[in-house]
Amino acid sequence: MGNMDVSALSEIKSYNEPPAIIATVIQVVMLMLNICQEEDLQEWSKIKTHLNSELLKKLSAFDPLAKDIKVDIHKANDRLKGLTATEVRKGGSLPTYLLYQWVIDVISILRVGDAR
């Protein structure tokens, strides 16, 4: 996540109501980092309060193979509903695309970790 800074998050945060692709990716990130509960994910006003430097720190420090990490990859995949990187890049923004790639990378790492 070295390519992302607070100004990139500000772009996402500036939406009163983000496009569905952006909202979906951000919701998945919030769930995976255990920042928001499921019931808070429907309120963009609650979600966007977390789009800040603390989020960037959590993204950078996140170790998907740490023993205390609990990520429901099935829930993440269900929320992504088959979105592709191309769709996210075209229908979102560069910051959204970078977050989407982070999500996909974490899911891949967790799958490999589970296969061991």
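On a predicted model such as this, the values are computed, not experimentally measured, just so you know.

Draft legend 1. Layout of helix H4 (residues 53-61). Looking only at H4, the buried set comprises Leu-55, Leu-56 and Leu-59. Projected down its long axis, H4 shows its buried positions confined to an angular sector of 100 degrees, all on one face. Counted as exposed and oriented over 90 degrees from the buried face of H4: Lys-57 and Ala-61.

Draft legend 2. Representation of the packing of helix H2 (residues 20-32) against helix H5 (residues 73-80). One can describe the packing of H2 onto H5 by two numbers: an axis separation of 9 Å at closest approach and a directional angle of 170 degrees. In terms of orientation, H2 and H5 fall into the roughly antiparallel class. Between H2 and H5, the residues in contact are Thr-24, Gln-27, Val-28, Leu-31 and Met-32 and Lys-75, Ala-76, Arg-79 and Leu-80, respectively. Looking at side-chain class alone, the contact of H2 with H5 contains five nonpolar, two polar and two charged residues.

Draft legend 3. Just the environment of Pro-95, in detail. Inspection of the secondary structure puts Pro-95 in helix H7 (residues 94-115). A sequence separation of 84 residues divides Pro-95 from Glu-11, and the C-alpha atoms of the two residues are 8.1 Å apart. Once residues within four sequence positions are removed from consideration, Pro-95 is found in contact with Met-4, Ala-8, Glu-11 and Ile-12.

Draft legend 4. Fine view of helix H1 (residues 6-13). Of all the positions in H1, only Ala-8, Leu-9 and Ile-12 are classed as buried. Angularly, the buried residues of H1 cover 95 degrees about the axis, an arc narrow enough to put them on a single face.

Rules used throughout
- Residues numbered from 1 in each chain as written.
- Predicted model: local features only at pLDDT ≥ 70, side-chain atom pairs only at ≥ 80, totals over all residues.
- Heavy atoms only, no water.
- Buried < 20%, exposed > 50% of the residue type's maximum accessible area, 1.4 Å probe, protein only.
- Helix = DSSP H or I, 4+ residues; strand = E, 2+ residues; numbered from the N terminus.
- Arc of directions from axis to C-beta.
- Axes fitted to C-alpha atoms, helices over the stretch in contact; angles between N-to-C directions.
- Parallel < 35°, antiparallel > 145°, perpendicular 65-115°, else oblique.
- Contact = heavy atoms within 4.5 Å.
- Nonpolar A, V, L, I, M, F, W, Y, C, P; charged D, E, K, R; others polar.

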